[in-house]
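The chain contents come next:
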Amino acid sequence: MRFPKLSRSIRQLSSHVLAIALGVVLTVSTLQVLPSQAEPAPPMTAGDTSKVIARQSPATAAIGSTSFVTAAVNRVGTAVVRIDTERTITRRVDPSFEDPFFRRFFGDGFSQQMPSEQQLRGLGSGFILDKSGLVMTNAHVVDKADKVTVRLKDGRTFEGKVQGIDEVTDLAVVKINAGNDLPVAPLGSSNNVQVGDWAIAVGNPLGFDNTVTLGIVSTLKRSSAQVGISDKRLDFIQTDAAINPGNSGGPLLNGQGEVIGINTAIRPDAMGIGFAIPIDKAKAIAAQLQRDGKVAHPYLGVQMLTLTPDLAKENNTDPNSPIQIPEVNGVFVMRVVPNSPAASAGIRRGDVILQVDGKAITSAEQLQNFVEDSRLGQILQVKVQRGNQTQQLSVRTAELQNAS
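Everything quoted here is computed from the prediction, not taken from an experiment.

Thresholds, definitions, all that
- Every chain's residues receive numbers from 1 upward, in the order its sequence appears when written.
- Owing to the predicted nature of the model, reporting of local features is limited to residues with pLDDT of at least 70; listing and counting of side-chain atom pairs is limited to 80 or more, with chain, interface and lining totals taken over all residues.
- Based on all heavy atoms of the structure, the side-chain values leave hydrogens and waters out of the count.
- For this document, the term salt bridge refers to a Lys or Arg side-chain nitrogen within 4 Å of an Asp or Glu carboxyl oxygen.
- Accessible area is worked out with a 1.4 Å probe on protein chains only. A residue is then buried under 20% of its type maximum, exposed over 50%, and partly exposed in between.
- A helix here means a DSSP run of H or I that spans at least four residues, while a strand means a run of E at least two residues long, and both kinds are numbered starting from the N terminus.
- Between any two strands, at least two bridges found by DSSP are needed for them to pair.
- Any N or O atom pair separated by 3.5 Å or less is treated as a polar contact, with the protein-specific requirement of one donor-capable and one acceptor-capable atom, and with residues adjacent in sequence counted only for side-chain atom pairs.
- Contacts between residues were defined by any pair of non-hydrogen atoms, one from each residue, lying within 4.5 Å.
- Only buried Ala, Val, Leu, Ile, Met, Phe, Trp, Tyr and Cys residues count toward a nonpolar core, and they belong to the same one when joined by side-chain atoms within 4.5 Å.
- Aromatic rings from Phe, Tyr and Trp, taking only the six-membered ring of Trp, are treated as a pair when their centres fall within 6.5 Å; an angle between ring planes under 30 degrees marks them as stacked, one over 60 as edge-to-face, and anything in between as tilted.
- In this analysis, axes come from line fits to C-alpha atoms, helices being fitted only over the stretch in contact, and the angle between any two N-to-C directions falls in the range 0 to 180 degrees.

1. Comments concerning the pattern of salt bridges
Inference 1: This structure, assessed with the given rule, holds 11 salt bridges.
Inference 2: Measuring nitrogen to oxygen at the nearest pair gives 3.2 Å for the salt bridge that ties aspartate 143 to lysine 144.
Inference 3: Aspartate 143 sits in the partly exposed class, given a relative accessible area of 28%.
Inference 4: The residue aspartate 154 makes a salt bridge to arginine 156 at a minimum N-O spacing of 3.0 Å.
Inference 5: Residue arginine 156 is classed as partly exposed on the basis of its relative accessible area of 33%.
Inference 6: Linked by salt bridges that have partners in common, Arg82, Asp84 and Asp209 make up one network.

Next comes the structure, spelled out in structure tokens:
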């Protein structure tokens, strides 16, 4: 009885041994068929390398030996300049210091010791537009300056002559005589800028020359009214790239090193919010400043507020409201400037502007842009609602004389 059991055990053991032997043979055969898995990879050709590089993500490409920021700054950096200004202001001495009472206690020479003149110094940035030495900057950087000094990155300094200033757009053009071999900043197009694009600010913030900061484009077409600069007519590029005093007039670059804006304003009550004038607007203004020394801006002469039915209803339900406002979409006239085109045409405080030349007007920014794009002396057909009545008024635009 034991022999059959022993025979059966031997047969089972033989089967296991055979299975193990077959597994070893198959493994060895596989290794022999795929020797490349155990050998070094063959050298890559130039074509293969380009394919691998093309598959890199933007983040991987940016963290290379030379980042895209470095390449962008190297492309434009030598064309960015520092602008130093000097201005002398005269202070009137208070006549009371000539009173014998003061002279008795402070001496006869006290009033003479008080300075009647004071030197004010300013700092800003700019960039070279062409090889002839045309420099673009902000109007507030060079406005009313007695002396303008332009310092290049290589240390050379030149006296700058202000060729034109436009306070309405806060732009200015300065000319330096430095030969015809100056570096020029490559200009891009602000019309191609999108929210989320890279934004690189270059300038001299707080006197720290050749400073570079990096961020993104936070939003587009941020109106000057929203920014809190009511005396300007601009739609800004908003960025979170750090912009500080001294950056004004310097370039805002895209990832390719092209100028897409001119850094011009910061909000002192906010962190990480800066604004730049779109370069397409700046190029048009620069051409006019170079040719004429100024820019003529048409205006109507009204202080206005965007009106919606909800805002009007909120006003109308207030028992203390001094006026009832039509519950419509339009632009509410808060004040009419005396002797302005609007006053001459008969526009009155409390009117709601509904249309201009047949086009519906739904915001103050839209009306401002419409007027800005019109011609001097052009007659605009303005439809207004006054109470329950609508009227058609003809307004002839005139030149805005003083932005302030």
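And the narrative resumes.
2. Some details on the pairing of strand 15 (residues 330–336)
The two faces of the sheet receive side chains in turn, since in a regular strand these alternate between them.
Inference 1: Taken across its 7 residues, strand 15 has 5 buried, putting it largely inside the fold.
Inference 2: With 2 bridges joining them, strand 15 and strand 16 (residues 352–356) adopt antiparallel strand pairing. Each residue of the ladder has a partner; that of phenylalanine 332, found in strand 16, is valine 352.

3. Concerning the pairing of strand 1 (residues 80–90)
Inference 1: As defined by bridge partners, strand 1 adjoins strand 2 (residues 117–130) across 11 bridges and the pair is classed as antiparallel. Residue pairing for strand 2: arginine 82 is matched across the bridge by serine 125.

4. A look at the side chain of serine 224
Inference 1: Note on placement: serine 224 falls in helix 8 (residues 224–227).
Inference 2: Note on serine 224: relative accessible area 2%, which makes it buried.
Inference 3: At 2.8 Å, the side chain of serine 224 forms a polar contact with the backbone oxygen of lysine 232.
Inference 4: The residues contacting serine 224, other than those within four sequence positions of it, are Ile229, Ser230, Lys232, Arg233, Leu234, Phe236 and Gln368.

5. Looking at the nonpolar core
Inference 1: Membership of the largest hydrophobic core comes to 30 residues, with the highest contact counts inside it found for Phe127, Met136, Leu171, Ile200, Val259 and Ile262.
Inference 2: When residues of this core are traced back to their parent elements, those giving at least two are helix 4 (68–76), strand 2, strand 3 (134–137), strand 6 (171–175), strand 7 (198–203), strand 11 (259–266), strand 12 (274–278) and helix 9 (279–292).
Inference 3: Among residues more than four places away in sequence, those in contact with isoleucine 200 are Phe68, Val69, Ala72, Val73, Val212, Thr213, Leu214, Pro251, Leu252, Leu253 and Asn254.
Inference 4: Val331, Val371, Leu380 and Leu393 belong to the second-largest nonpolar core, a separate cluster that totals 18 residues.

6. Description of the packing of aromatic side chains
Between two aromatic rings, the relevant description is the distance of the centres plus the angle of the planes.
Inference 1: Going through the model one piece at a time under the given rule, you end up with 2 aromatic pairs.
Inference 2: Note on phenylalanine 68 and tryptophan 198: the rings are 4.9 Å apart at their centroids and 40° apart in plane angle, and the pair reads as tilted. You can see phenylalanine 68 sitting in helix 4 and its partner tryptophan 198 sitting in strand 7, a full 130 residues away along the chain.
Inference 3: Owing to a relative accessible area of 43%, tryptophan 198 belongs among the partly exposed residues under this scheme.

7. A closer look at the environment of phenylalanine 68
Inference 1: Assessed through its relative accessible area of 22%, phenylalanine 68 is described here as partly exposed.
Inference 2: For the pair phenylalanine 68 and glycine 257, spaced 189 residues apart in the sequence, the C-alpha separation amounts to 8.7 Å.

8. Comments concerning the side chain of serine 248
Inference 1: Examined against the element boundaries, serine 248 turns out to sit in the loop between strand 9 (235–239) and strand 10 (251–253).
Inference 2: In terms of polar contacts, serine 248 uses its side chain to reach the side chain of histidine 140, at 3.1 Å.
Inference 3: Sequence-distant contacts of serine 248, that is, excluding residues within four places in its chain, are made with Gly124, Ser125, Thr137, Asn138, His140, Val141, Asn263 and Thr264.

9. Overview of the sheet that holds strand 10
Inference 1: Taking strand neighbours around the barrel as the criterion, the 6 strands line up as 7-8-9-12-11-10 in a closed arrangement whose pairing is antiparallel. Neighbour-to-neighbour, the strand axes of this sheet turn through a mean angle of 45°, independent of strand direction.
Inference 2: Against the sheet, helix 4 makes contact with strand 7, strand 8 (211–223), strand 10 and strand 11, and its axis sits at roughly 45° relative to strand 7, the strand it touches most.
Inference 3: On top of the sheet, helix 9 reaches strand 11 and strand 12; it is set at about 50° to strand 12, its chief contact.

10. Here we look at the sheet that holds strand 4 (residues 147–151)
Inference 1: Around the barrel, 6 strands lie side by side as 1-2-3-6-5-4; this closed barrel has antiparallel pairing. Adjacent strand axes in the sheet meet at a mean angle of 40° when their direction is disregarded.
Inference 2: As paired strands, strand 5 (residues 157–166) and strand 6 are joined by 5 bridges and run antiparallel to one another. By the bridge assignment, lysine 161 is partnered in strand 6 with lysine 175.

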